[in-house]
Amino acid sequence: MDLPRFTYHPDPVATGSVVAADTPCVCCGQARGHIYTGPVYAEEEYAQQICPWCIADGSAHERLGATFSDEEGVGGGGEWDEVGEDIIDEVAQRTPGFNGWQQEQWWTHCGDAAQFIGRAGRAELEAHGKDAVVAIQDSTGLDDGPQWQHFLAALDKDGSPTAYLFRCRHCGVVGGYQDCD
């Protein structure tokens with residue numbers, strides 16, 4: 001069965017937010033072959049119990065009161081482009097989130113939420129090009145020099161610190177932020 005399409009998280013399997021599993025979904029009761037592994041914000045605990053189809057059609061939000069990204073984090077709490085409530089709702093209520101070290105944020109650009117590409121260490125960041133490196137450097141506040149080089153060398157996709165990369169749906173620029181434990 002093909003996974004649903006997510007405008008703002010085009011490949012949740014590649015990012016690790018959705019994994020193959022025979023777990024029945026707590027929302028629809030079906031075991032569809034995949035389960036969501038990212039954060040779930042709800043009154044009850046639903047870790048690795050919701051299928052991507054119930055996220056996509058909004059039923060997990062409607063039936064369980066679940067969101068998958070913090071609404072305040074869409075746009076970095078005002079740090080990046082402001083977006084409309086409809087976009088915030090789409091990201092928070094009908095898009096798989098991702099696991100970060102601290103409170104996750106969703107990068108915005110060109111007046112829209114960007115597409116989550118995934119976590120990145122130095123190698124992955126550099127593979128996305130100079131603009132991606134500059135975007136993460138900007139998020140650190142570090143100037144070129146030894147501190148930045150030390151931080152860049154320490155970036156680890158599966159460790160700390162980690163970069164979180166996004167691609168603008170409109171202009172294609174890569175941006176994001178970094179975080180650590």
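The following refers to the structure shown. Residues take numbers from 1 onward in each chain, read along the sequence in its written order. Local features in this predicted model are restricted to residues whose pLDDT is 70 or higher, and side-chain atom pairs enter the listing and the counts only when it is 80 or higher, whereas totals over whole chains, interfaces and linings include all residues. Each side-chain value is worked out from all heavy atoms of the structure, with water and hydrogens disregarded.

Before going further, it helps to examine the overall build of the protein. Think of it this way: any DSSP run of H or I at least four residues long counts as a helix, any run of E at least two long counts as a strand, and we number them from the N terminus. In terms of helices and strands, the protein carries 6 helices and 7 strands. When the elements of the protein are put in sequence order from the N terminus, they spell out β-β-α-α-α-β-β-β-α-α-α-β-β. Radius of gyration: C-alpha atoms only; globule rule: 2.2 Å multiplied by the number of residues to the exponent 0.38. Here the protein has a C-alpha radius of gyration of 16 Å; the compact-globule value for 181 residues is 16 Å, and the two agree. Along the first, second and third principal axes, the C-alpha atoms of the protein reach 55 × 30 × 30 Å. Classification of residues uses two cut-offs on accessible area relative to the type maximum, computed with a 1.4 Å probe and protein chains only: under 20% is buried, over 50% is exposed, and between them is partly exposed. Buried residues in the protein amount to 46% of all 181 residues. Taking contacts inside the protein between residues at least 6 apart in sequence as the whole, the part at least 24 apart equals 62%. A 1.4 Å probe and the Shrake-Rupley method give the accessible areas. Residues count as covered only by the protein chains that appear here. Counting only carbon and sulfur atoms, one obtains 43% of the accessible surface of the protein, whose full area is about 8,800 Å². We treat Lys and Arg as the positive residues and Asp and Glu as the negative residues; His and chain ends play no part in the count. Where a charge lies is defined by one atom per residue type: Lys uses NZ, Arg uses CZ, Asp uses CG and Glu uses CD. Taking the average location of the 10 positive side-chain charges in the protein and that of its 30 negative ones, the two points are 8 Å from each other. Throughout, a residue-residue contact means that at least one pair of heavy atoms, one from each residue, lies within 4.5 Å.

Picture the strands of a sheet paired through backbone hydrogen bonds; they go either parallel or antiparallel. Only when DSSP finds a minimum of two bridges between them are two strands counted as paired. With antiparallel pairing, the 3 strands of this open sheet are ordered in space as E5-E6-E7. Sheet topology places strand E5 (115–120) and strand E7 (174–179) at the edges, where each strand pairs with a single neighbour. With strand direction ignored, the average angle separating the axes of adjacent strands in the sheet is 25 degrees. Inspection of the sheet shows E5 paired to strand E6 (residues 162–167) by 5 bridges, in the antiparallel sense. Among the inter-strand pairings, glycine 118 is bridged to a residue of E6, identified as leucine 165. For helices, the fitted axis covers only the stretch in contact; all axes are lines through C-alpha atoms, and the angles between them, taken along N-to-C directions, range from 0 to 180 degrees. In the packing of helix H5 (residues 130–140) onto the sheet, contacts are made with E6 and E7, and the angle to E7 comes to roughly 40 degrees.

Before going further, it helps to examine the environment of glycine 38. Mapping glycine 38 onto the fold places it in the loop between strand E2 (34–36) and helix H1 (52–56). On a C-alpha basis, the gap between glycine 38 and proline 96 in space is 6.9 Å, while along the polypeptide they are 58 residues apart. If we skip the residues at most four places from it in the chain, glycine 38 touches Ser17 and Asn99.

The subject of this paragraph is the layout of surface pockets. Using only the protein atoms, space was sampled on a 1 Å grid; points where a 1.4 Å probe fits but cannot get out form cavities, open sets with protein on both sides within 12 Å along at least five of seven lines form pockets, and lining residues are those with an atom within 4 Å of a point. Grid points are joined across faces, edges and corners, and a volume is the space filled by probe spheres set on the points. Considering only enclosed or pocket space, the largest pocket measures out at about 240 Å³ in volume. Elements with a contribution of two residues or more to the lining of the largest pocket: E5 and E6. Grouping the amino acids of the lining of the largest pocket by side-chain chemistry returns 6 nonpolar, 4 polar and 6 charged. Counted as a void, the second largest pocket has a volume near 160 Å³. In terms of lining residues, the second largest pocket is bounded by Glu71, Glu72, Val74, Gly75, Gly77, Gly78, Trp80, Asp81, Glu82, Val83, Glu85 and Ile88. Gly is placed with the polar residues, together with every amino acid not listed as nonpolar (Ala, Val, Leu, Ile, Met, Phe, Trp, Tyr, Cys and Pro) or charged (Asp, Glu, Lys and Arg). Within the lining of the second largest pocket, the residues separate by chemical class into 4 nonpolar, 3 polar and 5 charged.

On to the environment of proline 52. Examined against the element boundaries, proline 52 turns out to sit in helix H1. Filtering out sequence-adjacent residues up to four positions away, proline 52 remains in contact with Leu3, Pro4, Phe6, Val18, His34, Ile35 and Tyr36.

This part is about the pairing of E7. In terms of residue burial, E7 counts as a mostly covered element, since 6 of its 6 residues are buried. Burial along E7 is two-sided: the face carrying Val174, Gly176 and Gln178 and the face carrying Gly175, Tyr177 and Asp179 are both buried. Two strands pair when backbone bridges link them, and E6 and E7 are joined in this way by 6 bridges, in the antiparallel orientation. Bridging across to E7, alanine 163 finds its partner in glutamine 178. Between E6 and E7, which pair antiparallel one after the other, the connecting turn spans 6 residues, and glycine 172 there sits at a positive phi close to 80 degrees.

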